[in-house]
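An overview of the molecular structure
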Amino acid sequence: VLELKLTPALTLLRYTLDQLEEKDTAKIFSQPVNLSEVPDYLEFISQPMDLSTMRTKLEGHAYCSVADLEKDFNLMISNCLKYNSKDTMFHKAALQLREVGGAILRHAHRQSQSIG
Ligand SMILES: CCOC(=O)c1ccc2c(c1)NC(=O)[C@@H](C)N2
């Protein structure tokens, strides 16, 4: 069972991000895109996002709700779909994580309504 600490809202956000990380089995979303490996990345992507950045923002109280977390998750996915062509592993992984992550986030929304 979810171990709810004194701050259930923050605990729910942490648990939700843990679940999203777990689904990134190839770990392609765990760190910022390496700009020395991908030198043209910022020509296409104005606001990079990744799971480690989301973790830092979460612990820094940048997310007030599941919706805030979902916004950065959607940004991370859309960046990947934009930069990587359809026939790449990256693009396919983003489509997959979008589906699986969507279900995780819907469940977290429902839980946040019950813990307030
Ligand atoms: C060491 C080389 O790593 C990469 O080229 C690379 C590594 C990870 C990546 C990525 C590229 N591109 C992306 O769009 C995001 C999702 N992940």
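Note that the structure is a prediction, hence the values are computed from the model and not measured.

Details of the site of the ligand
Ile28, Phe29, Val33, Glu37, Val38, Cys80, Asn84 and Phe90 make up every residue found near the ligand. At a separation of 2.8 Å, a nitrogen atom of the ligand approaches a polar backbone atom of Ile28. Contact between the ligand and Asn84: an oxygen atom at 2.8 Å from a side-chain N or O atom of the residue. Protein chains bury 69% of the 410 Å² of accessible surface belonging to the ligand in isolation. In this structure, the ligand is accommodated by the largest pocket. Partitioned by chemical class, the residues of the shell around the ligand number six nonpolar, one polar and one charged.

Details of the confidence of the model for the protein
On average, residues of the protein score 95 in pLDDT, and 94% of them reach the 70 mark or higher. For this predicted complex, the interface confidence score (ipTM) comes to 0.95, while the overall pTM stands at 0.94.

The rules behind these values
- Residues numbered from 1 in each chain as written.
- Predicted model: local features only at pLDDT ≥ 70, side-chain atom pairs only at ≥ 80, totals over all residues.
- Heavy atoms only, no water.
- Near = heavy atom within 4 Å.
- Polar contact = N/O pair within 3.5 Å; in protein donor to acceptor, adjacent residues only side chain to side chain.
- Areas by Shrake-Rupley, 256 points an atom, 1.4 Å probe, with all protein chains shown as cover.
- 1 Å grid on protein atoms, 1.4 Å probe; cavity = no way out; pocket = protein on both sides within 12 Å on 5 of 7 lines; lining within 4 Å.
- Sits in = over half its atoms within 2 Å of the grid points.
- Nonpolar A, V, L, I, M, F, W, Y, C, P; charged D, E, K, R; others polar.
- pLDDT = per-residue confidence, 0-100.

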